[in-house]
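Residues per chain, in single letters:
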Amino acid sequence: MTLTDNRLTALWGRWWFAPLAPALYALAMIPAGQLRPEHVLIAGAVLVIGLVNRTGQQITAALYPGVLVALASDAIRFVIPIFVTPARVHGCDLRDLELKLFAVAPNVTPGDWLQQHTSPFWDLFFAVPYAAFLYVVPLYALYLYVRDRERMAFYLWAFAIAHLIGFAMWLIVPAAPPWYIRLNGCAIDVKAAANAAGLLRVDDLLGITYFKQFYGRAANAFGAMPSLHVVFPLIGLLTAIRKATWRTWPVHVVYAGSMMVASVYLDHHWILDGLAGVFVAIAAVFIAAKVLGRRWP
């Protein structure tokens, strides 16, 4: 047994393969011609930090659900073409159901009405949660690592489980977002690129291309159901039950509420997508609590 083998088993025990998984995934991307810098960055960080010492192993193990989410988010693009076909994508039928349940006027969805009443102020206001979500998750996890490691594990595993449920729904119930129907009508083109929709107004307003480039890299244009954007802040809120204070509750509630409204205002989701996200968040937190042996709520 080599020194590396000894260190793997000494630090990780029966989970010795965990720090190797991102590196193996990165290696698999080479013959596929799909290797990207982030593959190398994640693989290198997990190997170096995860094997440096016991403290590094503990940090890596604590944050490992996030690693799994990153790998799954990348790998799903290889599965999407098998499941997301024109005949299976829900488009105008979702709009019809939205009208049936939430119409604000004849043939006018809440999203339609909001697109007729946009303003630079609200564009910027609702862009904040959409721009921040990628950074909120790791920063909040690190905050919990320092303040409450047990809740951090609860939060991150619920986060990972929510992605598993969400990705499964993307494949089982592929759904076109409102912006797609607005641009293309009811005809489904599975090769259509993802679109930043209302966030393009923010790019134009600020003279940047951040959102255009970000959504241009999305692997799936038909993953509107459920809204994972709605899921993220709700998991933070739900895992904070029994722990949040009068100072932190408003932050959780405002973040979750603004994300729900932003998802519709920015034309990325139907209200139905957001409601599906609520159920996914609740299910993920419930499952994570059972797996970790926690009492919830």
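Throughout this document, residue positions are counted from 1 along each chain, in the order its sequence is written. Where totals are concerned, whole chains, interfaces and linings use all residues; where local detail is concerned, this predicted model gives features only for residues with pLDDT of at least 70, and gives and counts side-chain atom pairs only at 80 or more. Only heavy atoms go into the side-chain values, all of them from the structure, while hydrogens and water stay out.

Salt bridge, as used here, is a side-chain nitrogen of Lys or Arg placed within 4 Å of a carboxyl oxygen of Asp or Glu. Here the structure, examined in full by the defined rule, presents 11 salt bridges. With its nearest N and O atoms 2.7 Å apart, the salt bridge here joins glutamate 38 to arginine 36. Burial here depends on accessible area, computed with a 1.4 Å probe over protein chains only, as a share of the maximum for the residue type. Under 20% is buried, over 50% is exposed, and the range in between is partly exposed. Its relative accessible area of 27% is what places arginine 36 among the partly exposed residues. Note that aspartate 112 is salt-bridged to arginine 95, the shortest N-O span being 2.7 Å.

Let's shift gears to the state of the cysteines. Each disulfide consists of one covalent bond between the sulfur atoms belonging to two cysteines. By disulfide we mean two sulfur atoms from cysteines, separated by a distance within 2.5 Å. Here the structure, examined in full by the defined rule, presents 1 disulfide. Shown here is the disulfide that connects cysteine 92 with cysteine 186, its sulfur atoms set 1.9 Å apart. Sign of the S-S torsion, about -95° for the bond between cysteine 92 and cysteine 186, identifies this disulfide as left-handed. Placement of the pair is cysteine 92 in helix H6 (residues 92-102) and cysteine 186 in the loop between helix H10 (178-184) and helix H11 (199-206), with a sequence separation of 94 residues. In this description a helix means any DSSP run of H or I spanning at least four residues, a strand means any run of E spanning at least two, and both kinds are numbered starting from the N terminus.

Only Phe, Tyr and Trp rings take part, Trp by its six-membered ring, and two of them pair if their centres are within 6.5 Å. Stacked means planes under 30 degrees apart, edge-to-face means over 60, and tilted covers everything else. Considering all chains together, one arrives at 21 aromatic pairs under this definition. With a centroid separation of 5.1 Å and 45° between ring planes, the pair formed by phenylalanine 126 and tyrosine 265 is classed as tilted. One end of the pair, phenylalanine 126, is in helix H8 (residues 120-147); the other, tyrosine 265, is in helix H14 (residues 249-265), and 139 residues separate them in sequence. The burial state of phenylalanine 126 is the same as that of tyrosine 265; both residues are buried. Ring centres of phenylalanine 133 and phenylalanine 232 lie 5.3 Å apart, and the angle between their planes is 10°; this geometry places the pair in the stacked category. With phenylalanine 133 in helix H8 and phenylalanine 232 in helix H13 (residues 228-239), the pair connects residues that are 99 residues apart, well separated along the chain. Overall, the relative accessible area of 8% leaves phenylalanine 133 in the buried class. Every member of this aromatic cluster is reached through a ring pair, and the members are Phe133, Tyr140, Tyr143, Tyr155, Phe159, Tyr210, Phe211, Phe214, Tyr215 and Phe232.

This paragraph deals with helix H4 (residues 54-75). An α-helix turns once every 3.6 residues. As a result, residues three or four positions apart point the same way. Taking 1.5 Å as the rise per residue, H4 with 22 residues should run 32 Å; its terminal C-alpha atoms sit 30 Å apart, in good agreement. To get the bend at a given residue, fit one axis to the seven residues ending there, fit another to the seven starting there, and take the angle between those axes. For H4, the principal kink sits at leucine 63 and spans about 50°; a proline, proline 65, occurs within the next four residues. All of the buried residues along H4 are Gly56, Gln57, Thr60, Ala62, Tyr64, Pro65, Val67, Val69, Leu71 and Asp74. At the N-terminal end of H4, a side-chain oxygen is found 3.1 Å from the backbone nitrogen of threonine 55, two or three residues along, and the residue is asparagine 53. By this rule the span expected of a helix is its residue count minus one, scaled by 1.5 Å. In protein, a polar contact requires one atom able to donate a hydrogen and another able to accept it; more generally it is a pair of N or O atoms within 3.5 Å, and residues adjacent in sequence count only if both atoms are side-chain atoms.

Among soluble globular proteins, nonpolar side chains are generally buried collectively. In this text, buried Ala, Val, Leu, Ile, Met, Phe, Trp, Tyr and Cys residues form a nonpolar core when linked through side-chain atoms within 4.5 Å. Counting 73 residues, the largest nonpolar core has Leu199, Phe222 and Ile235 as the members making the most contacts within it. Tallying contributions element by element places helix H9 (residues 149-172) first for this core, with 12 residues. Leu11, Met29, Leu51 and Leu71 belong to the second-largest nonpolar core, a separate cluster that totals 11 residues.

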